[in-house]
Amino acid sequence: MNIAVIGASCTPYGEWWDKSLRDLLAQAQLTALDDAGLMPKDIQEIFVANMCAGQLSTQVNLGAMAADILGIHVPSTRIEGACASGALAVRAGIAAIESGRAEVVMVSGVEKMTDVDHTRVTESLMSATDYETEGFVGATFPALFALVTRAYMHTYNLTREQLAWVSVKNHKHGALNPSAHFRKEISVQDVLKSSMVADPLTLLDCSPMSDGAASIILSTPDFAKKINKHDVKIIASTQACDTLALSHREKITQFYATQYAGQQAYKQAGITPRDVNLVEVHDAFSMAEIIALEDLGFFDRGTAGHEIAQGKTNLNNTLTVNASGGLKAKGHPIGASGIGQIVELVQQLRTQCGARQVHNAKIGLAHSMGGLGATVAVHILTNKE
Amino acid sequence: MINPIQHWRLTKNRYQLEGTQCMSCSKIYYPNMFLCTCGSRDFSPKKLIGKGKIVSFTEVFTSSRAFENMVPYCLALIELEQGPIILTQMADVHIQELFIGQPVRAVFRRYCTDGPDGLIYYGIKFVPDFINY
């Protein structure tokens, strides 16, 4: 696979009470155009990722909104796959180019989460579970991840302190990212002392509810060369699913969809996990980062928590994981998150990341998960010729 | 919020723990299945015996509106003796009394209400075997 990323932009993530869904989407789309040096008329198709606007902003038909912002009339489609919506939209954009239908495609993602109180957001996010069996009994997303966490801690003797290091590390990285929702370092004690959400997960094990948008522009390699923007390309894009309900899985301490999408991505790119030197994984909950790193083959089963606590995934250590701060510290505006990960990889591969720059960044992997391991997409990017 | 019509369609599953059994390989599912892992599409309803053991558990402090007046409450994944794993609330117990592998049994309890004038939703919860009423 060889798809050029010729433009990439991300709004700062946070609580933007003065900005609407449309404001955020427009900000990301226009700055992505500027980054690529293109005009709206150059965009031939748009995909826009969003999960909750129907419930939280009473707004669907975001495809039309995204085209409307640019004042163009091209095909524009909203894509939804819960928290993986953004990554799925990237895949849709790639498919449009690979099919020969379009040469230049914009892929955007947006979420506006802070207009309503948190219980309504919790309810909206619950619609990504198997609602009839999980939502009905009072399962929230953190609750389902808490079930996974307890089973994992029991099976692999992971300690509560080791688990906390995931958030500590991601906040350390987020403090270096001017676009991050949280730019404050935290300690293991802070994580342990923060309020309980779903035992054993505390508030600081959970990613925040953020407002934000991200946008990238994809093109054929030929078009990228023509405008001299061929420095970063996508060399793998894969996706897999698992049962919607956690209770229908044989194993709950690993996610088959991540394993499968990861293996297929390495095959597609012709690389192994050892070739990757920066990773953005879906750390919606601290536990999710540990499981993702094992499922993606970076660490042996049951060891990732220990390695993270030892600092192995810190910036410019053995493998930099979530240099952006991850969903935990950079923030998690659902529809934007999967695209925001790609924006981070693009900026890292272009050496634009300042204090959080990964030295000698060559190959980056982005892992996005929708629901509880139910939908997973993996992308691999490189700046190598 | 919970929809009364959606709930009505599922009352056999929720009130009587009715699952479904593959006519070909006898595998049991909860609540239902359309295509068995063996390839069969023939199923018959199967009342499940509400006995099993805890696979994992949690105590929920941040809930949806429907459960706001119940927090904190315990949830557990239970592996039933007949095979299927179900997600359920635990009743009459503190989290400190729960452990992985603990034998549990089904009881019939109230889940939530649709506001002061709305329907009351009932269903199956589980309690540890050591509890005697």
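Criteria and cut-off values
- Residues numbered from 1 in each chain as written.
- Chains lettered and ligands numbered in written order.
- Predicted model: local features only at pLDDT ≥ 70, side-chain atom pairs only at ≥ 80, totals over all residues.
- Helix = DSSP H or I, 4+ residues; strand = E, 2+ residues; numbered from the N terminus.
- Expected span 1.5 Å × (residues − 1).
- Buried ≥ 20, exposed ≤ 12 C-beta atoms within 10 Å, placed from the backbone.
- Arc of directions from axis to C-beta.
- Contact = placed C-beta atoms within 7 Å.
- Axes fitted to C-alpha atoms, helices over the stretch in contact; angles between N-to-C directions.
- Parallel < 35°, antiparallel > 145°, perpendicular 65-115°, else oblique.
- Left-handed = near helix turned anticlockwise from the far one by under 90°.
- Nonpolar A, V, L, I, M, F, W, Y, C, P; charged D, E, K, R; others polar.
- Pairing = 2+ DSSP bridges.
- Domains from an automatic or database assignment.

1. A word on helix H11 (residues 256–269) of chain A
All names here are of chain A.
Next up, step 1: Here H11 spans 20 Å end to end across 14 residues, near enough to the 20 Å set by a 1.5 Å rise per residue.
Next up, step 2: Turning to H11, its buried residues are Ala257, Thr258, Ala261, Gly262, Ala265, Tyr266 and Ala269. All buried residues of H11 fall inside an arc of 155° around its axis, so they share one side.
Next up, step 3: Considering only its buried residues, H11 is in contact with strand E8 (233–241), helix H12 (286–295), strand E11 (363–370) and strand E12 (375–382).
Next up, step 4: Positive phi shows up at Gly270, right after H11, with a value of about 70°.

2. Some remarks on the packing of helix H1 (residues 21–36) of chain A against helix H3 (residues 62–70) of chain A
Residues and elements named next belong to chain A.
Next up, step 1: Following both chains from N to C, one finds H1 and H3 inclined at 55°, their axes separated by 10 Å at the closest point. The orientation of H1 relative to H3 falls into the category oblique. Considering how the two elements wind past one another, H1 and H3 form a crossing that is right-handed. Across the interface between the two elements, Arg22, Leu25, Ala26 and Gln29 of H1 pack against Met65, Ala66, Ile69 and Leu70 of H3.
Next up, step 2: Split into classes, the residues belonging to the contact of H1 with H3 amount to six nonpolar, one polar and one charged.

3. A closer look at the sheet that holds strand E1 (residues 18–22) of chain B
Residue and element names in this part refer to chain B.
Next up, step 1: One open sheet holds the three strands; their spatial order is E2-E1-E3, and the pairing between them is antiparallel. Two strands in the sheet have a free side with no partner beyond their single neighbour: strand E2 (28–29) and strand E3 (43–47).
Next up, step 2: Sheet analysis places E1 next to E2, joined by two bridges and oriented antiparallel. Each bridged residue has a counterpart across the sheet, and for Thr20 the counterpart in E2 is Tyr29.

4. With respect to unusual backbone geometry
Next up, step 1: In this chain, Asp199 of chain A is followed by Pro200 of chain A through a cis amide linkage whose omega measures 10°.
Next up, step 2: Within the secondary structure layout, Pro200 of chain A lies in the loop between strand E5 (196–198) and strand E6 (201–202).
Next up, step 3: Put simply, Tyr30 of chain B and Pro31 of chain B share a cis peptide bond, and its omega is 0°.
Next up, step 4: Along the chain, Pro31 of chain B falls in the loop between E2 and E3.
Next up, step 5: Positive phi outside glycine occurs at Thr58 of chain A, with the angle close to 50°.
Next up, step 6: Note on placement: Thr58 of chain A falls in the loop between helix H2 (53–56) and H3.
Next up, step 7: The class for Thr58 of chain A is exposed, based on 7 C-beta atoms found within 10 Å.
Next up, step 8: In this model, Asn61 of chain A sits at a positive phi of 60°, which is unusual for a non-glycine residue.
Next up, step 9: Classification of Asn61 of chain A as exposed rests on a count of 12 C-beta atoms within 10 Å.

5. Quick look at the interface of chain A and chain B
Next up, step 1: Taken together, the contact pairs 26 residues of chain A with 28 residues of chain B.
Next up, step 2: Elements that contribute at least two residues to the side of chain A that touches chain B include exactly helix H5 (118–126), helix H6 (131–135), helix H7 (141–156) and E5 of chain A.
Next up, step 3: It is H7 of chain A that provides the largest number of residues to the side of chain A that touches chain B, a total of seven residues.
Next up, step 4: In terms of residue class, the side of chain A that touches chain B is made up of 14 nonpolar, seven polar and five charged.

6. As for the domain arrangement of chain A
All names here are of chain A.
Next up, step 1: Each assigned domain of chain A is listed with its residue range as follows: domain 1 (3–116 + 210–226) and domain 2 (138–208 + 234–382).
Next up, step 2: Once you take the C-alpha centre of each, domain 1 and domain 2 turn out to be 23 Å apart.
Next up, step 3: Across the contact, 37 residues belong to domain 1 and 33 residues belong to domain 2.
Next up, step 4: At the level of elements, strand E1 (3–10), helix H4 (85–98), strand E4 (104–111) and strand E7 (212–219) are the ones that each hand at least two residues to the side of domain 1 that touches domain 2.

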